[in-house]
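Inside the fold
Okay, here's what each chain looks like letter by letter:
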Amino acid sequence: RSTLFPYTTLFRSLFMREMPAAGAMLEDLRNRGLYLAVVSNKAGRYLRVEAAHLRWTHYFGRLIGAQDAETDKPSVAPVEMALAGSGLERGADVWFVGDADIDMACAVNAGCTPVLLRDRPPGAQEFASGRPLRHVSDCAGLADLLAQLRVSQGGEL
């Protein structure tokens, strides 16, 4: 299984602080053997500098930002780039976790499972180009959801 994150979901870019529980969640997911990658509309060179500053680079198989792929989100090109070399293919087993409509649209375009990570649930008329299949309000909620799925599937994600 795999999880793709857009940049803004994990990082607070203005002061380069992590979202509450983001580091612990990333450590937990990595320890479970999940492949993690970032797909962002932030310029790739800045994305990688900021991930290195937070000492998070080792969590991710790929950090793909704007202008790294032929086209940016919501295109599938950066998703393909993020999964390249991982042995994984786009599909429902790949969760695309994000906080914005472009993230949900990118997930749907790529055939991935769209997961909304933000404090408020999706509105009835929101996300016309791709409704999230799951909603969690924070990083701890995402970690809990994955733990619940693992238990319900007999220890396998």
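Above: the structure in question.
The structure reproduced in this document is the subject of the present report. Counting of residues starts from 1 at the beginning of each chain's written sequence and follows it residue by residue. Per-residue local features are limited, in this predicted model, to residues with pLDDT of at least 70; the limit for side-chain atom pairs, both in listing and counting, is 80 or more; totals at the level of whole chains, interfaces and linings are taken over all residues. To get the side-chain values, all heavy atoms of the structure are used, and hydrogens and water are removed first.

Considerations on the pairing of strand 7 (residues 113–117)
- Here's how the labels work: a residue is buried when its accessible area is under 20% of the maximum for its type, exposed when over 50%, partly exposed in between, all with a 1.4 Å probe on protein chains only. Going along the chain from the N terminus, every DSSP run of H or I of four or more residues is numbered as a helix, and every run of E of two or more is numbered as a strand. For strand 7, the buried fraction is high: 5 of the 5 residues fall into the buried class.
- Relative to strand 7, strand 6 (residues 94–98) runs parallel, the two being bridged by 4 bridges. Note on strand 7: the bridge partner recorded for W95 is T113.
- Between the parallel elements strand 6 and strand 7, the chain passes through helix 5 (residues 101–110) in a crossover that is right-handed.
- Pairing of strand 7 with strand 8 (residues 134–136) involves 3 bridges; the strand directions are parallel. Strands were regarded as paired on the criterion that DSSP finds at least two bridges between them. The crossover handedness rule: strands pointing away from the viewer, path from first strand over the helix to second strand clockwise, crossover right-handed.

Observations concerning the pairing of strand 5 (residues 62–66)
- Among the 5 residues of strand 5, 4 are classified as buried, and the element is accordingly described as predominantly covered.
- Strand direction decides the pairing type here: strand 4 (residues 35–43) and strand 5, joined by 4 bridges, are parallel. Its bridge partner lying in strand 5, V39 is registered against I64.
- Considered for its hand, the β-α-β crossover made up of strand 4, helix 3 (residues 44–53) and strand 5 is right-handed.

Things to note about the environment of G65
- Following the sequence through the fold, G65 ends up in strand 5.
- In this structure the C-alpha to C-alpha distance between G65 and R45, which are 20 residues apart in sequence, comes to 7.4 Å.
- Whether two residues are in contact is decided by their heavy atoms, any of which lying within 4.5 Å being enough. Among all residues touching G65, those that are not within four sequence positions of it are S40, K42, A43, G44, L47, R48 and D72.

Quick word on the pattern of salt bridges
- Each salt bridge in this description consists of a side-chain nitrogen of Lys or Arg and a carboxyl oxygen of Asp or Glu lying within 4 Å of one another. Enumeration over the complete set of coordinates arrives at 7 salt bridges.
- We note a salt bridge from R32 to D28, for which the minimum N-O separation is 2.9 Å.
- The class for R32 is partly exposed, based on a relative accessible area of 23%.
- With its nearest N and O atoms 2.6 Å apart, the salt bridge here joins R118 to E126.
- You can call R118 buried: its relative accessible area is 9%.
- Using a relative accessible area of 26% as the deciding quantity, one classes E126 as partly exposed.

Focus: the side chain of T113
- Tracing the backbone shows T113 in strand 7.
- Residues within four places of T113 in sequence aside, it is in contact with G91, A92, V94, W95, F96, A107 and L133.

A word on the environment of R30
- Assignment of secondary structure puts R30 in helix 2 (residues 22–31).
- A C-alpha to C-alpha distance of 8.6 Å links R30 and F60, two positions 30 residues apart in sequence.
- Ignoring anything within four residues of it in the chain, the contact list for R30 reads L36, H58 and Y59.

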